[in-house]
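The residues making up each chain are set out below.
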Amino acid sequence: MARKPPRIELHTAPHAVAAQNVVVIMRNVVYALLPLLGYAVWLFGLSAFMLILVVLLSTLGTERFFNWMGKQGSTLDDWSAVITALLLALTLPPGFPLWMGVIAGITSIALGKALFGGLGFNLLNPALVGRAFVQAAFPVAITTWTPPFIVTRFTEFIPSTFTLPLMQPIDISQWLATSGIDAFTGATPLALQKFQSIATPVESLFMGSTAGSVGETSAILILLCGSYLAVRKMMNWRIPLYIFFGVVATSALLQLIDDTNPDPLFMLLSGGVMLGAVFMATDMVGSPITPRGIMIYGVLIGFLTVIIRIYGGLSEGVMYAILLGNAATPLIEMVTQPRIFGARKAPAKGGTDD
Amino acid sequence: MLDDKITSETFWEGVWENNPVFVMLLGMCPVLAVTNSTINALAMGLATLFVLLSSSLLVSLIRNWIPKQTRIAIYIIIIATFVTVVDYVIQAISLDLYNALGAFIQLIVANCMILGRAEAYASKVPPVKSLVNALGMGVGFTIALLCLGSVREILGSGTLLGFDLFGEHYQQWVVMILPPGGFFVLGGWLLLFEWLRQRKEQEES
Amino acid sequence: MTETTVEKPSSLRMIISLTLVSILSGIAVVSVYLYTKPIIDENKRRAIEAAVLKVIPDAAGYQPFLLEDNTLKPATDSKTKGLLFYAGYDQHKQLVGLAAPANAQGYADKVYIIYGYRFDCECITGVKVIKHAETPGLGDKVITDQSFVANFDALDAKVNVEGSALQNRIITVKHGAKTNPWEIDAISGATITSRAIGKALDIGAGQLLPQVLKFRDQLEAQ
């Protein structure tokens, strides 16, 4: 093996702060996700742990496979595939059959990233592509929830976790009944609100002691982890703020029109808004960089989330809202090109779609 | 450029070298829309094959007789006639099949593969050669539809031609029967064939 | 480029060629139509017959009728406005029930059904989906899901005392929440399609049954 050439980094002034490269940022995002993962395992037990592990392995395996196919070196050490895997696992229900988790992991990398040319070229957030695929393929399994704090969660798995590959998830209603869970309807706070008009207390939403995806339930923990990244300037905190604004403004307006619609605070804290806004919409590849673009992008996602939740057939809309926001990003950047300093008119639009 | 000699290439061109779906990407509308089960794909493939054969033969027969200026209109009339015939015949054979294929039978008229064959091939060669070529193209189209239809049916319903493959607990991949599934599976097959083609080229060079 | 002297054909030749092809095409289409029409009609009739006999379990034969402007008349092939229904008779030519088409907006497109109604229990005895474009694997469970189909073994459809409407409107409730005989227990995961069928029944039966009951004697005499 030839000796590595010495690393020479060239930067323009100022030189006071070391440049943050992609790997450092990605590694810190993983650090920020660790508390969420720990809390998820605390809430949902062994099944959540197993799911995270399996999704991680399948995602990394797929990434490596495409490295091999493309005859390039391993890209596992840039941590981006790890983030994809962890985010994907956090958006799945705790009792999700492991074989479906494998499918989700493979699709997220293959369809969401490798086909576009790898990190930096993907139009959409890979984790959400994987989730959207399994949502469309297995609509029942992905909306089968289990409650947190099941007593036996550290000694036994949720039965549906070990469903045989290609088979329907094992029915868990019997198991839930024998596990001492009374009157659990299998619905998330959003579904309760949408289909039965049952409100969930705000404290439960903050702490995450509700049914839901592995890592979306605790609003406060997500905000804390997000702040770490924001403080270290590794995440654009404006994006989540604009999304929150979009959600609150849209739901407040809709509640004004028809007061049976849920209130803004509930909309903000329930479902995947927090996780999506803080960790997924802020994906550096899929979000715009111009200041006005960020505003449009964030508010658009917030707006779409509420519209899909209230008028759509599903109870949750964050995933599709972010995917649509990702898809609109090139267009948003095109129309919000800042004026070149000193130029009289904005430069000709189009042509700079890098 | 086109001589009148019939070679094996006349037939195999449509099946492999210039497969209408996997190489030329023609007729995508029925390819994506009616391949959610093998039987639909087969019916669609055969209907298209019939229209392609008859229109190619007829166009080739009258190729020296029709004026250049009206040829496209005449091709369309000929194709539309055969499509209408197929439409009635399928309705007479099975209403269920007819309902499953829906508007896509009528839309065979708009399948650019058929008009393309009439304009680019059948109008320039004698009837027998045109017929052989149309047969190859039609078979290639049907095979492509079957490729898509079988994969989508196996994953989406767990059956093949209606026979249960995995038992009653099979988890159906709903997305495969829906329109996105058509795109996914088509993309997968294109990837596979392109990969095979490239490997062959590498071996030859 | 070598064809510098392209001979321009006369307009007459173009007109003749087009006319000739069109005439031949017309002849071909018409002859196929004439040949296949009886077969297609027979297919359609058999499809309707199978549906009608399925939704009225005891029926052995049926007669199509039209209700128009408060009069009852036998339905013929000619197009007339009015409510179409099929009266079902058992082997002894006794009136047992009726079947009628209905439709309502589903998830993707309208769902078309035929439902059966029995006079003795005043209830709906079966529903057959004729045409739908619902999501395979989800919406089409309304055909395959046995517990959903069981909703229509005896779905209450009594007409109120005044004979103006259904006594209890047919409603679709969330899966597992059925408490009354006029409620339909929806399929979880296919709520919208379940509701579409409930709505089709509610509107269809609500409109037809009160009127038909006035003609029951007339139907029995047939």
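Going by the structure above, here's the rest.
Residues numbered from 1 in each chain as written. Chains lettered and ligands numbered in written order. Predicted model: local features only at pLDDT ≥ 70, side-chain atom pairs only at ≥ 80, totals over all residues.

Thoughts on the packing of helix H10 (residues 238–257) of chain A against helix H12 (residues 273–280) of chain A
All names here are of chain A.
And step 1. It is the contact of H10 with H12, at a shortest axis distance of 9 Å, that shows an interaxial angle of 150°. In terms of their interaxial angle, H10 and H12 are classed as roughly antiparallel. Considering only the axes of H10 and H12, their crossing is right-handed. Mapping the contact onto sequence places Pro240, Ile243, Phe244 and Val247 in H10 and Val273, Ala277 and Val278 in H12.
And step 2. Residues of the contact of H10 with H12, tallied by class, amount to seven nonpolar, no polar and no charged. (Axes fitted to C-alpha atoms, helices over the stretch in contact; angles between N-to-C directions. Helix = DSSP H or I, 4+ residues; strand = E, 2+ residues; numbered from the N terminus. Parallel < 35°, antiparallel > 145°, perpendicular 65-115°, else oblique. Left-handed = near helix turned anticlockwise from the far one by under 90°. Contact = placed C-beta atoms within 7 Å. Nonpolar A, V, L, I, M, F, W, Y, C, P; charged D, E, K, R; others polar.)

A look at the sheet that holds strand S6 (residues 123–131) of chain C
Residue and element names in this part refer to chain C.
And step 1. The antiparallel open sheet is built from seven strands, whose spatial order is S2-S1-S3-S4-S5-S6-S7. Of all strands in the sheet, those with a lone pairing partner are strand S2 (71–74) and strand S7 (155–156), marking the two edges.
And step 2. The pairing of S6 with S7 spans two bridges and is classified as antiparallel. Bridge pairing in S7 places Cys123 opposite Asp156.
And step 3. Lying on the sheet, helix H1 (residues 11–55) is in contact with strand S1 (61–68), strand S3 (83–89), strand S4 (95–105), strand S5 (110–118) and S6; it crosses S6 at an angle near 155°. (Pairing = 2+ DSSP bridges.)

Thoughts on the environment of Leu300 of chain A
Residue and element names in this part refer to chain A.
And step 1. Checked against the element boundaries, Leu300 lands in helix H13 (residues 291–311).
And step 2. Counting along the chain gives 28 residues from Leu300 to Ala328, while the straight-line C-alpha distance between them is 9.5 Å.
And step 3. Contacts of Leu300, omitting those with residues within four sequence positions, involve Gly246, Gly325 and Ala328.

Thoughts on the environment of Ile322 of chain A
Residue and element names in this part refer to chain A.
And step 1. Its location among the elements puts Ile322 in helix H14 (residues 318–335).
And step 2. The exposure class assigned to Ile322 is buried, which follows from the 30 C-beta atoms found within 10 Å.
And step 3. Here the alpha-carbon distance between Ile322 and Met167, two residues 155 residues apart in the chain, equals 30 Å. (Buried ≥ 20, exposed ≤ 12 C-beta atoms within 10 Å, placed from the backbone.)

Thoughts on the interface of chain B and chain C
And step 1. Facing 23 residues of chain B, the contacting portion of chain C comprises 23 residues.
And step 2. At the level of secondary structure, the elements contributing two or more residues to the side of chain B that touches chain C comprise helix H4 (71–93), helix H5 (95–101) and helix H8 (174–177) of chain B.
And step 3. Here the side of chain B that touches chain C gets eleven residues from one element, more than from any other, and that element is H4 of chain B.
And step 4. Of the residues contributing to the side of chain B that touches chain C, the split by class is 14 nonpolar, nine polar and no charged.

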